[in-house]
Amino acid sequence: MEYSAAPAGQAESPKRKTPVGVDPTVPSVARVYDFLLGGKDNFAVDREFAAKLIELTPGGIDVGLHNRAALGRAVRHMVNQGIDQFIDLGAGLPTVQNTHEVAQSVNPKAKVVYVDNDPMVLVHGRALLAENGNTTVITADLCDPDEVLNSPDLRALIDFDRPVGLLMVAVLHHLDDSQRPGELVARYRDAVPSGSLVFITHFIDGGAETADIERVMLGDLGSGRFRSFDEVRGFFAGMELLEPGVVYNPLWRPDPDDVVPEPMSFAGKIIAGGLGRKP
Ligand SMILES: C[S@@+](CC[C@H](N)C(=O)[O-])C[C@H]1O[C@@H](n2cnc3c(N)ncnc32)[C@H](O)[C@@H]1O
């Protein structure tokens, strides 16, 4: 579904009506990320902002691809460990190799609940999932765990008596410290049973190298905190952090055919991920 073919800097001429609640004049995290992954569900304002990011990030287009690839490997790993139900918090706009596609390619009965606070995700998710009874998408703020966890749509698919796969992939860095991301992770961790697996990826503070990216993100997008490895490891409190720990995305359990940049590229060092197991 394409909203506009207008190049960055030019006026929008929507081919379809802008969905209710979507503001095409302000960049959104979901739409900027969609553009970086090669999607079409974005506006000129998102593409302009993405261009700014790419200028500051050598090889920047790879950041999203590395992240998306790590998400896919993590989901496959989790299904192979017996997880057959997922809550994907901050799911993003549907793109290639979405969580349900990866999970259901290994276990066709795997269930996936997508959660995002961007209304455009609901519009596109519903269209994609129209015929997939094992997958749903809800619009909610992950900062309101009660609303998310008590959602009837979520409860219809997720059995909280069996291990759950929780995904918080490239989303916690969109929360400010004042939103207490660590406490939120703990709330979700506490809601799922023993044996549940939690995959998190997050922007990594690279000192002066990432300071400008953080400044532009916080200024123009309103979010994008770069945290240290220690801070990201801290999100796994109360869980067993599984091998290889929190590492740059390309280093997180690469597939045999993956080419891992050596030395690690700048784009490869923007986001790191880790997998925790609730004891
Ligand atoms: C960079 S995208 C990541 C998408 C996907 N998880 C991935 O890694 O490929 C971050 C997503 O988180 C969503 N998001 C940001 N803050 C959120 C919040 N407080 N609650 C729910 N979703 C949020 C954004 O709308 C966006 O779709």
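Being a predicted model, the structure only gives us computed values, none of them experimental.

A. Broad picture of the confidence of the model for the chain. Residues with a pLDDT of 70 or more make up 94% of the chain, whose mean pLDDT is 93. The secondary-structure element of the chain with the lowest mean pLDDT is helix α5 (residues 119-129), recorded at 91, while strand β5 (residues 197-203) shows the highest, at 99. In this model, residues 1-14 is a region of pLDDT below 50 whose contacts with residues beyond four sequence positions or in other chains number 32 contacts.

B. Representation of the nonpolar core within the structure. In this structure, I87, V115, L166, M168 and F199 are the most contacted members of the largest nonpolar core, which totals 74 residues. Contacts of L166, omitting those with residues within four sequence positions, involve I87, Y188, V192, S196 and V198.

C. Here's a closer look at the pairing of strand β1 (residues 85-89). Most of β1 is tucked away, with five of its five residues classed as buried. What you see with β1 is no split at all: Q85, I87 and L89 on one side and F86 and D88 on the other are buried throughout. Where β1 lies against strand β2 (residues 111-116), five bridges are found, and the strand directions are parallel. Each residue of the ladder has a partner; that of L89, found in β2, is V115. Running through helix α4 (residues 99-106), the crossover from β1 to the neighbouring parallel element β2 is right-handed.

D. The site of the ligand, seen in detail. Around the ligand, the structure places 21 residues, and the nearest of them are A30, G90, G92, D118 and V169. Every element with two or more residues in the shell around the ligand is listed here: α1 (29-36), α3 (61-80) and β2. Of the residues that constitute the shell around the ligand, the class distribution is 12 nonpolar, five polar and four charged.

E. Main features of the environment of A110. Here A110 is to be found in the loop between α4 and β2. Given 22 C-beta atoms within a 10 Å radius, A110 is considered buried. C-alpha separation for the pair A110 and A69, spaced 41 residues apart in sequence, amounts to 19 Å. Once you skip the residues sitting within four places of it in the chain, A110 turns out to touch V79, D84, Q85, A103, Q104 and N134.

F. Layout of the packing of α1 against helix α2 (residues 44-56). One can describe the packing of α1 onto α2 by two numbers: an axis separation of 9 Å at closest approach and a directional angle of 65°. Considering their axes alone, α1 and α2 lie roughly perpendicular with respect to each other. For the pair α1 and α2, the sense of crossing is right-handed. Here R31, V32, F35 and L36 of α1 lie close against α2, whose contacting residues are D46, R47, F49 and A50. Its residues placed into classes, the contact of α1 with α2 shows five nonpolar, no polar and three charged.

G. The pairing of strand β4 (residues 165-169), seen in detail. For β4, the buried fraction is high: five of the five residues fall into the buried class. Burial of the side chains of β4 extends over both faces: G165, L167 and V169 are buried on one face and L166 and M168 on the other. Assessed by its sense of winding, the connection that carries the chain from β4 through helix α8 (residues 181-191) to β5 is right-handed.

Calculation criteria
Residues numbered from 1 in each chain as written. Predicted model: local features only at pLDDT ≥ 70, side-chain atom pairs only at ≥ 80, totals over all residues. pLDDT = per-residue confidence, 0-100. Helix = DSSP H or I, 4+ residues; strand = E, 2+ residues; numbered from the N terminus. Contact = placed C-beta atoms within 7 Å. Core = buried A, V, L, I, M, F, W, Y, C linked by C-beta atoms within 7 Å. Buried ≥ 20, exposed ≤ 12 C-beta atoms within 10 Å, placed from the backbone. Pairing = 2+ DSSP bridges. Right-handed = clockwise from strand over helix to strand, strands pointing away. Near = placed C-beta within 6 Å. Nonpolar A, V, L, I, M, F, W, Y, C, P; charged D, E, K, R; others polar. Axes fitted to C-alpha atoms, helices over the stretch in contact; angles between N-to-C directions. Parallel < 35°, antiparallel > 145°, perpendicular 65-115°, else oblique. Left-handed = near helix turned anticlockwise from the far one by under 90°.

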